[in-house]
There are 2 protein chains.
Amino acid sequence: MAERKYLMRKRAEGFDATRERIVEATAALHYEQGVAATSYVQIAERAGVGAATVYRHFPTLGSLVLACGAHVNEEMQPPLRENAPAVFAGLGTRQQRLERLVAELDAFYGRGAAWLGIAARDRDNVPELDAFLRQVDAGVEALVREAIGAGSPEAEIRLMTALADVSVWRSLKRLNVAPAEFRRTMVGLLDCASGLAA
Amino acid sequence: MAERKYLMRKRAEGFDATRERIVEATAALHYEQGVAATSYVQIAERAGVGAATVYRHFPTLGSLVLACGAHVNEEMQPPLRENAPAVFAGLGTRQQRLERLVAELDAFYGRGAAWLGIAARDRDNVPELDAFLRQVDAGVEALVREAIGAGSPEAEIRLMTALADVSVWRSLKRLNVAPAEFRRTMVGLLDCASGLAA
DNA sequence: TATTTCACGAAATAGTTCTCTCGTCAATAG
DNA sequence: CTATTGACGAGAGAACTATTTCGTGAAATA
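Nothing here was measured: the structure is a model prediction, and the numbers come from that model.

**Some thoughts on the packing of aromatic side chains**
Residue and element names in this part refer to chain A.
In step 1: According to the stated counting rule, one finds 10 aromatic pairs over all chains in the structure shown.
In step 2: Taking the centre distance of 5.7 Å and the plane angle of 55° together, the rings of Tyr-109 and Trp-169 count as tilted. Taken as a pair, Tyr-109 in helix H6 (residues 94-121) and Trp-169 in helix H9 (residues 166-173) lie far apart in primary sequence, 60 residues in all. The same class applies to Tyr-109 as to Trp-169, namely buried.

**Details of the domain arrangement of chain A**
Residues and elements named next belong to chain A.
In step 1: According to the domain assignment, chain A consists of domain 1 (2-73) and domain 2 (77-197).
In step 2: The straight-line distance from the C-alpha centre of domain 1 to that of domain 2 is 33 Å.
In step 3: Counting residues at the interface gives 13 residues for domain 1, matched by 11 residues for domain 2.
In step 4: Across the domain 1/domain 2 interface, buried area totals approximately 1,100 Å², and carbon plus sulfur atoms make up 74% of it.
In step 5: On inspection of domain 1 and its partner domain 2, the count reaches 0 salt bridges.
In step 6: Seen at the junction of domain 1 and domain 2, the total is 3 residue pairs in polar contact (both at pLDDT 80 or more).

**Re the state of the cysteines**
In step 1: Applying the stated rule across the entire model yields 0 disulfides over all chains.
In step 2: As a non-bridged cysteine, Cys-192 of chain A has Cys-192 of chain B as the owner of its nearest cysteine sulfur, 3.0 Å distant.
In step 3: Relative accessible area serves as the criterion here: at 17%, Cys-192 of chain A is assigned to the buried category.

**Some thoughts on the packing of helix H7 (residues 127-148) of chain B against helix H8 (residues 154-163) of chain B**
Residues and elements named next belong to chain B.
In step 1: Between H7 and H8, the least distance of the axes is 9 Å, while the angle of their chain directions is 130°. Relative to H8, H7 is oriented oblique. Seen from above, H7 lies across H8 with right-handed handedness. Of H8, the residues touching H7 (which contributes Glu-141, Val-144, Arg-145 and Ile-148) are Glu-154, Glu-156, Ile-157, Met-160 and Thr-161.
In step 2: Partitioning the contact of H7 with H8 into residue classes produces 4 nonpolar, 1 polar and 4 charged.

**With respect to the relation of the copies chain A and chain B**
In step 1: In screw terms, the move from chain A to chain B is a rotation of 180° and a rise of 0.1 Å along the axis, fitting with an RMSD of 0.1 Å. On the angle and the small slide along the axis, the relation comes out as a two-fold axis.
In step 2: A share of 95% of interface residues in chain A that are also interface residues in chain B marks the association as one of identical surfaces.

**Points about the nonpolar core**
In step 1: Counting residues in hydrophobic clusters, the biggest one holds 102 residues, and the most contacted among them are Leu-101, Leu-116 and Leu-172 of chain A together with Leu-101, Leu-116 and Leu-172 of chain B.
In step 2: Contacts of Leu-116 of chain A, omitting those with residues within four sequence positions, involve Met-76, Phe-108, Tyr-109, Phe-132, Leu-133, Val-136, Val-166 and Arg-170 of chain A.

**Considering the pattern of salt bridges**
In step 1: A complete count under the given rule lists 20 salt bridges over all chains for this structure.
In step 2: The residue Asp-191 of chain A makes a salt bridge to Arg-94 of chain A at a minimum N-O spacing of 3.3 Å. Of this pair, Asp-191 of chain A sits in helix H10 (residues 179-196) while Arg-94 of chain A sits in helix H6, placing them 97 residues apart in sequence.
In step 3: Take Arg-94 of chain A: its relative accessible area is 35%, and that puts it in the partly exposed class.
In step 4: Here Asp-106 of chain B ties to Arg-183 of chain B by a salt bridge, and the two come within 3.9 Å at their closest N and O atoms. Here the residue Asp-106 of chain B occupies a position in helix H6 (residues 94-121), and Arg-183 of chain B occupies one in helix H10 (residues 179-196), the gap between them amounting to 77 residues.
In step 5: Each of Asp-106, Lys-173 and Arg-183 of chain A takes part in a single network of salt bridges with overlapping partners.

**Some thoughts on the interface of chain A and chain B**
In step 1: Listed per partner, the contact involves 20 residues of chain A and 19 residues of chain B.
In step 2: Counting the surface lost from both chain A and chain B, the interface buries some 1,900 Å², and carbon and sulfur atoms represent 61% of this.
In step 3: Run the count over chain A and chain B and you get 2 salt bridges.
In step 4: Residues Asp-165 of chain A and Arg-174 of chain B are paired through a salt bridge, measuring 3.6 Å at the closest nitrogen-oxygen approach.

**Points about the environment of Leu-190 of chain B**
Residues and elements named next belong to chain B.
In step 1: Here Leu-190 lies in helix H10.
In step 2: What makes Leu-190 buried here is its relative accessible area of 1%.
In step 3: Sequence-wise, Leu-190 and Leu-101 are 89 residues apart; in three dimensions their C-alpha atoms are separated by 9.9 Å.
In step 4: Apart from residues no more than four positions distant in its own chain, Leu-190 is found in contact with Leu-98, Leu-101, Val-102, Met-160 and Leu-163.

**Regarding helix H7 (residues 127-148) of chain A**
In step 1: With 22 residues, H7 of chain A extends 32 Å from end C-alpha to end C-alpha; this agrees with the ideal 32 Å at 1.5 Å per step.
In step 2: After H7 of chain A finishes, the residue Gly-149 of chain A shows a positive phi value of roughly 95°.

**Description of unusual backbone geometry**
In step 1: Its identity is not glycine, yet Gln-77 of chain A carries a phi of approximately 45°, on the positive side.
In step 2: One can find Gln-77 of chain A in the loop between helix H4 (61-76) and helix H5 (84-87).
In step 3: In this structure Gln-77 of chain A comes out as exposed when scored by relative accessible area, which is 54%.
In step 4: At Asn-176 of chain B, a position not held by glycine, the phi torsion is positive, near 60°.
In step 5: Relative to the helices and strands, Asn-176 of chain B is located in the loop between helix H9 (166-173) and H10.

**Things to note about helix H2 (residues 40-47) of chain B**
All names here are of chain B.
In step 1: All buried positions along H2 are accounted for by Tyr-40, Ile-43, Ala-44 and Ala-47. Around the axis of H2, the buried residues are gathered within 100° of arc, so they sit on the same side.
In step 2: Two residues or fewer after H2 comes Gly-48, characterised by a positive phi angle close to 70°.

About the criteria used
Residues numbered from 1 in each chain as written. Chains lettered and ligands numbered in written order. Predicted model: local features only at pLDDT ≥ 70, side-chain atom pairs only at ≥ 80, totals over all residues. Heavy atoms only, no water. Phe/Tyr/Trp six-rings, centres within 6.5 Å; stacked < 30°, edge-to-face > 60°. Helix = DSSP H or I, 4+ residues; strand = E, 2+ residues; numbered from the N terminus. Buried < 20%, exposed > 50% of the residue type's maximum accessible area, 1.4 Å probe, protein only. Domains from an automatic or database assignment. Contact = heavy atoms within 4.5 Å. Buried area = accessible area lost by both parts, 1.4 Å probe. Salt bridge = Lys/Arg side-chain N within 4 Å of Asp/Glu carboxyl O. Polar contact = N/O pair within 3.5 Å; in protein donor to acceptor, adjacent residues only side chain to side chain. Disulfide = S-S within 2.5 Å. Axes fitted to C-alpha atoms, helices over the stretch in contact; angles between N-to-C directions. Parallel < 35°, antiparallel > 145°, perpendicular 65-115°, else oblique. Left-handed = near helix turned anticlockwise from the far one by under 90°. Nonpolar A, V, L, I, M, F, W, Y, C, P; charged D, E, K, R; others polar. Least-squares fit on C-alpha atoms with pLDDT ≥ 70 in both. Core = buried A, V, L, I, M, F, W, Y, C linked by side-chain atoms within 4.5 Å. Expected span 1.5 Å × (residues − 1). Arc of directions from axis to C-beta.

In structure tokens form, the structure reads like this:
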């Protein structure tokens with residue numbers, strides 16, 4: 001019953017490695033089959049551990065999604081509210097800023113559209129996914145706001161944000177046009193939208 | 001072993017009634033929870049019938065989805081290729097035709113966007129859903145084609161069809177603007193898009 | 001070395017889902 | 001009335017899933 005100091009540095013390494021394997025297996029399975037469709041046993045098998053181990057590390061689906069989300073976040077690098085100003089630094093004309101906005105969105109959606117679709121599928125059943133998607137939306141809106149100037153009428157900002165949504169990007173992407181023309185079209189649409197909202 | 005003529009009129013009525021109850025229960029559950037998330041037992045319970053009965057009527061998920069789809073089809077009244085010309089009969093100017101197109105799409109998506117979302121969720125796992133959605137897309141494209149004239153450049157048609165997609169409609173609908181203004185905006189976007197594709 | 005701690009996974013429990021078999025019973029026909 | 005048909009549902013069986021318990025063994029400490 002004596003109080004000992006257990007540091008367990010070496011053991012902690014093994015612990016972290018196991019955790020990492022679980023997170024990676026989860027990410028892969030969620031990517032392949034969706035979040036709700038993935039079971040603990042599948043995760044355990046793919047990670048090469050017992051089901052109980054998965055439970056010990058992540059007692060709830062939410063905690064698993066959260067850890068997995070941190071992993072995915074690095075891959076996607078979603079736009080963040082606080083970074084929005086830096087994105088448009090030094091760009092004077094409206095045209096330049098719109099082009100920058102589209103380039104930024106295109107790059108982001110190129111990295112993350114698949115994951116966004118996966119998260120959207122189960123956002124109603126998994127609060128963590130919903131929270132994540134809200135954050136992404138907020139980041140996109142901040143980009144739009146910064147691009148056209150915070151003083152713009154609210155209706156204009158909202159309309160452009162709607163057009164900046166990943167669902168619109170996805171629909172246009174299906175056209176399979178060259179990247180440069182794709183971005184030109186997006187810029188044109190946003191430009192036009194800002195006139196429509198007036 | 002004699003050959004008898006069994007007409008079974010009265011019995012067939014009961015059979016059809018049971019079938020109808022199953023289809024209705026299925027539609028309700030698919031609407032509430034999605035297709036893949038709905039089990040045979042749930043359907044049986046809601047229909048007030050044994051699970052085996054559901055199986056006898058619909059041995060595969062596909063056949064169930066198909067029957068359910070016929071039911072939903074009447075509710076949605078999706079645009080059909082062959083009806084496209086009639087929709088624009090007597091409309092001369094381009095503006096009029098675009099307005100008609102938007103009105104048609106808005107009404108259709110108003111009726112069917114929820115179902116389209118449900119079908120889209122599981123289209124990868126259920127071929128029948130995929131086929132249904134392809135048909136809908138074809139109908140929308142036919143509408144667009146008819147609205148701006150079959151002679152228009154393919155790039156223009158494709159771009160406008162992409163903007164006529166339900167995902168774009170949904171994104172704009174989230175803005176919660178008045179119906180008249182909503183349609184005005186859609187028309188403006190499509191009009192602008194036709195210029196961009198040139 | 002002796003003792004304590006704790007991550008791990010096999011296995012148990014409990015609850016679902018899918019799918020089929022089979023006996024029942026009302027409708028049909030002679 | 002008697003024989004036949006076929007729709008129905010209880011329930012069986014196999015395959016999963018979620019979740020926990022517990023013994024083992026390696027690591028940490030003294």
